[in-house]
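What follows is the residue order along each chain.
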Amino acid sequence: MDDGGLGTPQPAFEADRRKVAAAQFQKANISLPGLWTYYYGIGGNVDQLGVDAYLHELMELPPLQMDLIQTAIQEITADGP
Amino acid sequence: MAENDALPTAEQLQDLLLESPGFTEFLLGLTAISASLLGGETPLLCAITVERETGPVTVASSTETARSLDERQYAFDDGPCLTALREQRTVLIRDLQADESWAWYAGAVADEGIRTILAVPIPTDTGSRSALNCYSTQLNTFGPETVADIEEHAASLSRILRLAIRVHPSDPYPEHLRSALRSRAVVDSAVALIMAQNRCSHEAAVKLLHLASRSNNRRLHDIAEDILHHASNIPVIAGGGEK
């Protein structure tokens, strides 16, 4: 099972990824519920509040969840929501 | 039927119900029928609101303007259409600018050029309530005869609307949520297969799936679907024994 933990300690690297994800999210012009729904659809396990906090650089997430958020943003922008 | 040509035929309504994939689409078609039958020299904007005890309110409108006029009533939780719906009586605002009791609403919708409003209830079974709303930019659109015609028109929609409410139970999940749930079900099944094949943890399986999607440059959901349909292409942990 997932550990559901709030992140693994790799501060510098994680912070960079968050910034990139936040910037991509801003640029993609998609709604948070839209992103979260998609992210959930591909197997994401963090709730919408957590994703929101992550994209506002307030919270850390496990690497796999960050990957899934990034993939969600990429797949949504690849051919529209 | 002869004296009121604003009544749809039963076939027309049944066809609409048969051809509509969902309740929202049905309601949308119904407003289009109303608008086309009721509109005279000046076009009428029509909207139909259905409120159910269980589930959300559905609003369908013949035009974007009618939609925004209806939505503003919900923002205030009051308005001619909501009054018609909740009190099940006809509400006629002959002159929106002159009517003091609706002055606040006139202010709220002033920018749309609407001069007069008629809202009539559509009878439904207990557990749901419905109303048809007509908006016009022309004063004097709703004379006594027109009001009677529109009331009759609304009553003629009652049977098919009651049927539609039974056929399409209220759907608490909009389409994008349902598609996410379907996608998630596929992904979860694929993950379970990967776990069984590799005897690995859930997290490792999701990682593998994600990796497969990245390296093949394909959508994660598509990869998951492939795995389900061709159980042979299950990703395998390379080298064995990392996890």
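Up top is the structure.
Anyway, here's the lowdown on the structure attached to this text. The shown structure was predicted, so the numbers you read here are calculated from the model rather than taken from an experiment.

For the rest of this paragraph, the subject is the side chain of arginine 18 of chain A. Residues and elements named next belong to chain A. By the element assignment, arginine 18 lies in helix 1 (residues 11-28). Side-chain polar atoms of arginine 18 contact the backbone oxygen of methionine 59, separated by 2.9 Å. If near-sequence neighbours (up to four positions away) are discounted, arginine 18 is found in contact with Tyr54, Glu57, Leu58, Met59 and Glu60.

Before going further, it helps to spend a moment on the packing of helix 8 (residues 202-216) of chain B against helix 9 (residues 220-229) of chain B. Residue and element names in this part refer to chain B. Relative to each other, helix 8 and helix 9 sit at 110°, their axes nearing to 9 Å. With respect to their mutual orientation, helix 8 and helix 9 come out roughly perpendicular. Two packed elements cross with a definite hand, and for helix 8 against helix 9 that hand is right-handed. Across from Leu209, His210, Ala212, Ser213 and Asn216 in helix 8, the residues of helix 9 making contact are Leu220, Ile223, Ala224 and Ile227. Here the contact of helix 8 with helix 9 is composed, by residue class, of 6 nonpolar, 3 polar and no charged.

Time to look at the interface of chain A and chain B. Opposite the 19 residues of chain A that make contact, chain B presents 17 residues. With both chains or domains summed, chain A and chain B bury close to 1600 Å², and 53% of this area falls on carbon and sulfur atoms. Counting the surface chain A buries against chain B, the share from its top three residues, Thr37, Tyr40 and Leu64 of chain A, is 29%. Across the pair arginine 219 of chain B and glutamate 75 of chain A runs a salt bridge whose closest N-O atoms are separated by 3.9 Å.

Scanning the model with the defined rule gives 4 aromatic pairs over all chains in all. Geometrically, the ring pair formed by tryptophan 102 of chain B and tryptophan 104 of chain B is tilted, given 6.4 Å between the ring centres and 45° between the ring planes. Judged by relative accessible area, which is 31%, tryptophan 104 of chain B ranks as partly exposed. Each residue in the set Trp102, Trp104 and Tyr105 of chain B is aromatic and connected to the rest through ring pairs, giving one cluster. Over the ring of phenylalanine 23 of chain B we find arginine 52 of chain B; its NZ or CZ atom is 4.5 Å from the centre of that ring. When the ring centre of tyrosine 40 of chain A is taken as origin, the NZ or CZ atom of arginine 184 of chain B, which lies over that ring, is 4.3 Å away.

With that out of the way, let us pick up the nonpolar core. Core analysis: the biggest nonpolar cluster contains 39 residues, and Leu35, Tyr39, Val51, Leu55 and Ile69 of chain A together with Leu209 of chain B have the highest contact counts within it. Taken together, the elements giving at least two residues each to this core come down to helix 1, helix 2 (32-41), helix 3 (48-55) and helix 4 (63-79) of chain A together with helix 7 (175-198), helix 8 and helix 9 of chain B. At 7 residues, helix 4 of chain A tops the list of elements feeding residues into this core. Not counting chain neighbours up to four residues away, the residues in contact with isoleucine 69 of chain A comprise Leu35, Tyr39, Val51, Tyr54 and Leu61 of chain A. With 30 residues, the next largest nonpolar core counts Leu13, Ala60, Leu132 and Val147 of chain B among its residues.

With that out of the way, let us pick up the pattern of salt bridges. The final tally for this structure, using the stated rule, is 12 salt bridges over all chains. Between aspartate 67 of chain A and arginine 17 of chain A there is a salt bridge, and its shortest N-O distance comes to 2.9 Å. Here the residue aspartate 67 of chain A occupies a position in helix 4, and arginine 17 of chain A occupies one in helix 1, the gap between them amounting to 50 residues. Its relative accessible area of 16% is what places arginine 17 of chain A among the buried residues. For the salt bridge of glutamate 57 of chain A with lysine 19 of chain A, the shortest nitrogen-to-oxygen distance reads 3.6 Å. Taken together, the residues glutamate 57 of chain A in the loop between helix 3 and helix 4 and lysine 19 of chain A in helix 1 connect sequence positions 38 residues apart. Because the salt bridges share partners, they merge into one network encompassing Glu51, Arg86 and Arg129 of chain B.

Residues and elements named next belong to chain B. Where helix 1 (residues 10-19) meets helix 2 (residues 23-38), the axes come as close as 9 Å, and the angle between the chain directions of the two elements is 150°. By the criterion of interaxial angle, the relationship of helix 1 to helix 2 is roughly antiparallel. Crossing geometry of helix 1 relative to helix 2 is assigned as right-handed. On the side of helix 1, the interface is formed by Gln12, Leu13, Leu16 and Leu17, while helix 2 contributes Phe26, Gly29, Leu30 and Ile33. Considering only residue class, the contact of helix 1 with helix 2 consists of 6 nonpolar, 2 polar and no charged.

Criteria and cut-off values
- Residues numbered from 1 in each chain as written.
- Chains lettered and ligands numbered in written order.
- Predicted model: local features only at pLDDT ≥ 70, side-chain atom pairs only at ≥ 80, totals over all residues.
- Heavy atoms only, no water.
- Helix = DSSP H or I, 4+ residues; strand = E, 2+ residues; numbered from the N terminus.
- Polar contact = N/O pair within 3.5 Å; in protein donor to acceptor, adjacent residues only side chain to side chain.
- Contact = heavy atoms within 4.5 Å.
- Axes fitted to C-alpha atoms, helices over the stretch in contact; angles between N-to-C directions.
- Parallel < 35°, antiparallel > 145°, perpendicular 65-115°, else oblique.
- Left-handed = near helix turned anticlockwise from the far one by under 90°.
- Nonpolar A, V, L, I, M, F, W, Y, C, P; charged D, E, K, R; others polar.
- Buried area = accessible area lost by both parts, 1.4 Å probe.
- Salt bridge = Lys/Arg side-chain N within 4 Å of Asp/Glu carboxyl O.
- Phe/Tyr/Trp six-rings, centres within 6.5 Å; stacked < 30°, edge-to-face > 60°.
- Buried < 20%, exposed > 50% of the residue type's maximum accessible area, 1.4 Å probe, protein only.
- Lys NZ or Arg CZ within 6 Å of the ring centre and 35° of its normal.
- Core = buried A, V, L, I, M, F, W, Y, C linked by side-chain atoms within 4.5 Å.

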